[in-house]
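# A structural walkthrough
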Amino acid sequence: MRRFATLVLATALFAPAARAQQTTPDVLLFTNGDQLTGHLASAAGGKVVFHSDMAGDISVPFDKIKELRSGSSSAQFALLLKSLPISKRNTALEGTISIADAKVTVTPGPTSTAAAIPSADVALLIPRAEFDRVVAGHEGFLAGWKGAVTGGATLVRSTTTGTTLTAALSLTRAMPTVSWLPPRNRTTLNVAESYGKNTSPGAIPQTTPPTPDVTTLSSIFHADTERDEYFSQRFYALAEASFDHNYAQGLQLQQVYGAGIGWTPFKTAHQQLDLKADLHYEKQQELAPTGGTAPPSTNLVGSTIFEGYHRDLPHKILFTESANILPAFNNSNAYSFNATAGLVMPVFKSLSAVITTTDAFLNDPAPGYQKNSFQFITGVTYTFATKP
């Protein structure tokens, strides 16, 4: 009992001190004499990100920092140098961090020799756990997805009734999920449907016996998926599949399965351009004519030549544009062309207004159908992202 009482008393006396030691904040001293307490978050681009409960996250250039004292011995970071390309093969300096005299000191452990690195040579400083997770590639399949769900509707209820519904889902997963490692792979999935039904009286005014109503349907469906595997910073191999149904062009189903290469000529924080080319197998099936049977399907071997571009505009508006042409090698008349352009304008948090125009051209549509199918769609989109 005496030993137990002694243990309880020691716990009561030393536990508060231990907690205080664990939660001791870092201290950031500015060159002008100001001081801020909080915790070091990261460093990149010649700036340190420091989190303070009072000021939030602030970004401070190295040359404005007189000293940063680590208040917790358990805060481990990974430091990467500008002189070494960032990859799985390069070992980062790992340990606790302090900053003084334009140098970042990394201390691996109490018995290890500290390394002092000039701040000008620091490429990246991030928490060690994050670095180990990303470099090791231990990210689950559900991590890193970014996407948007779009919907719109038009209803008319009068002598003539009409319903038009549009819906779309777009998903992208680029690995790794951080910008400081070279791209490894990218997966995309897109699904879009535009459905319309319009009913009008067969005659106005109605005759006796009544004339049957006239109903017109429209349905345009598109789905595609692509997997990119990067073998350099700008070049990648790809495999893709796409499916199209267009009631307005007499197209029951067009299937495309292909593989090829892609190139990203430029990629910045605000814009990106992708160029792609593939070889593919294509199968087209036309709708059956009224009172008849569907013609045999057409089997084609061809190529897809694609370009896609997106750019961030002022006020967080996003502009996207893409176009592709699909020539067929075994039937010169069976080519098609698609082009899309759109604007996404933020409204509130993750909700945005979207305007999209799409033109689909089919050079050999079913008899009686036009070659062009043009859509102008407005709707609301919700963007989301899964955690890495």
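Preceding this section is the structure that the text describes.
Structure report, in brief.

The rules we used
Residues numbered from 1 in each chain as written. Predicted model: local features only at pLDDT ≥ 70, side-chain atom pairs only at ≥ 80, totals over all residues. Heavy atoms only, no water. Helix = DSSP H or I, 4+ residues; strand = E, 2+ residues; numbered from the N terminus. Contact = heavy atoms within 4.5 Å. Areas by Shrake-Rupley, 256 points an atom, 1.4 Å probe, with all protein chains shown as cover. Lys, Arg positive; Asp, Glu negative; His and termini not counted. Charge placed at Lys NZ, Arg CZ, Asp CG, Glu CD. Core = buried A, V, L, I, M, F, W, Y, C linked by side-chain atoms within 4.5 Å. Buried < 20%, exposed > 50% of the residue type's maximum accessible area, 1.4 Å probe, protein only.

## Thoughts on the overall build of the protein chain
From N to C terminus, the protein chain includes two helices and 22 strands. For the protein chain, the spread of C-alpha atoms along the principal axes amounts to about 105 × 50 × 50 Å. The long-range share in the protein chain, meaning contacts at least 24 apart out of those at least 6 apart in sequence, stands at 51%. Carbon together with sulfur atoms contributes 61% to the accessible area of the protein chain, which is approximately 22,700 Å² in total. Both charge centroids of the protein chain, one from 29 positive and one from 29 negative side chains, sit 10 Å from each other.

## Quick word on the nonpolar core
Core analysis: the largest hydrophobic core is formed by 20 residues, its most contacted members being L28, I97 and I99. Counting residues per element, this core draws most heavily on strand β2 (residues 35-44), at three residues. Setting aside residues up to four positions removed in sequence, L28 forms contacts with D34, Q35, L36, F50, V60, I65, E67 and L68. Within the second largest apolar cluster, 11 residues are counted, among which are L80, L124, I126 and V178.

## Let's talk about the environment of I117
If you trace the backbone, I117 turns up in strand β9 (residues 115-118). The class for I117 is buried, based on a relative accessible area of 12%. Residues I117 and A102, spaced 15 residues apart in sequence, show a C-alpha to C-alpha distance of 8.7 Å. Those residues within four positions of I117 in sequence are excluded, and the remaining contacts are L79, L81, L93, A102, K103, V104 and V122.

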